[in-house]
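# Summary of structural features
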Amino acid sequence: MESVANVTLFEDIFEVTALNPDGKKFDRTNRLAATGTTFECDLLLDINSDIYKVREADKITLVLASTLHLDGSPEDHFSYNPTSEPTLADNYEYVMHGRIFNMEHKKDNIVVIAASFGGLLMRLTGDHKHLGKILPDMRLFILLKKD
């Protein structure tokens, strides 16, 4: 299972602190505000609320991964090729594919990462030492499950 760790760019358990902190903007989308329990990263994440229900105070495991292949082989990010082989996604309830579109380095080694998953946005803010595997313009997967 060591290869799974090689494809994991970031992993933490987040506690949802607010749903739609700036008000609800879209019918089928919720924006989660959450704080990481281990690395104390701040997260804003849009999810499709029709297919994945999250409530305030829920704890969710979030993983950012470069591939879903358990052997660590690179992902073809330009086409979807379903397989009967086990994948990293099998262990999670909600998975999206997207791209990093902005990274800002702030003072005190803080980095702000912005990603889009088909228009659903993520902003992850935290210490560079925990987010250092994530690179500008990178394609990646976000995987969620409730704890």
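Residues numbered from 1 in each chain as written. Predicted model: local features only at pLDDT ≥ 70, side-chain atom pairs only at ≥ 80, totals over all residues. Heavy atoms only, no water.

For the structure on display, the rule yields 3 aromatic pairs. Between Phe10 and Phe39 the ring centres are 6.0 Å apart and the planes differ by 45°, which places this aromatic pair in the tilted class. With Phe10 in strand S1 (residues 8-19) and Phe39 in the loop between strand S2 (29-36) and strand S3 (42-48), this residue pair connects regions lying 29 residues apart in the sequence. With a relative accessible area of 2%, Phe10 lands in the buried category. According to the relative accessible area criterion, Phe39 is partly exposed, its value standing at 30%. Ring centres of Tyr52 and Tyr94 lie 5.0 Å apart, and the angle between their planes is 20°; this geometry places the pair in the stacked category. Of the two residues, Tyr52 is situated in the loop between S3 and strand S4 (59-65) and Tyr94 in strand S5 (residues 94-105); the sequence distance between them amounts to 42 residues. Grouping aromatic residues by their ring pairs yields a cluster made of Phe10, Phe14 and Phe39. For the cation-ring pair, Lys145 lies above Tyr92, with the distance from its terminal atom to the ring centre recorded as 5.0 Å. When the ring centre of Tyr52 is taken as reference, the NZ or CZ atom of Lys146 above it lies at 5.1 Å. (Phe/Tyr/Trp six-rings, centres within 6.5 Å; stacked < 30°, edge-to-face > 60°. Helix = DSSP H or I, 4+ residues; strand = E, 2+ residues; numbered from the N terminus. Buried < 20%, exposed > 50% of the residue type's maximum accessible area, 1.4 Å probe, protein only. Lys NZ or Arg CZ within 6 Å of the ring centre and 35° of its normal.)

Another aspect to go through is the nonpolar core. With 32 residues, the main nonpolar core has Leu64 and Met122 as its most contacted residues. For this core, the secondary-structure elements that each account for two or more residues are S1, S2, S3, S4, S5, strand S6 (110-117), strand S7 (120-127) and strand S8 (139-146). Residue contacts for Leu64: discarding those within four places in its chain leaves Val7, Thr8, Leu9, Phe10, Met122, Leu124, Ile134, Leu140, Phe141 and Ile142. In this structure, Val7, Ala65, Leu68 and Ala89 belong to the second largest nonpolar core, which totals 9 residues. (Core = buried A, V, L, I, M, F, W, Y, C linked by side-chain atoms within 4.5 Å. Contact = heavy atoms within 4.5 Å.)

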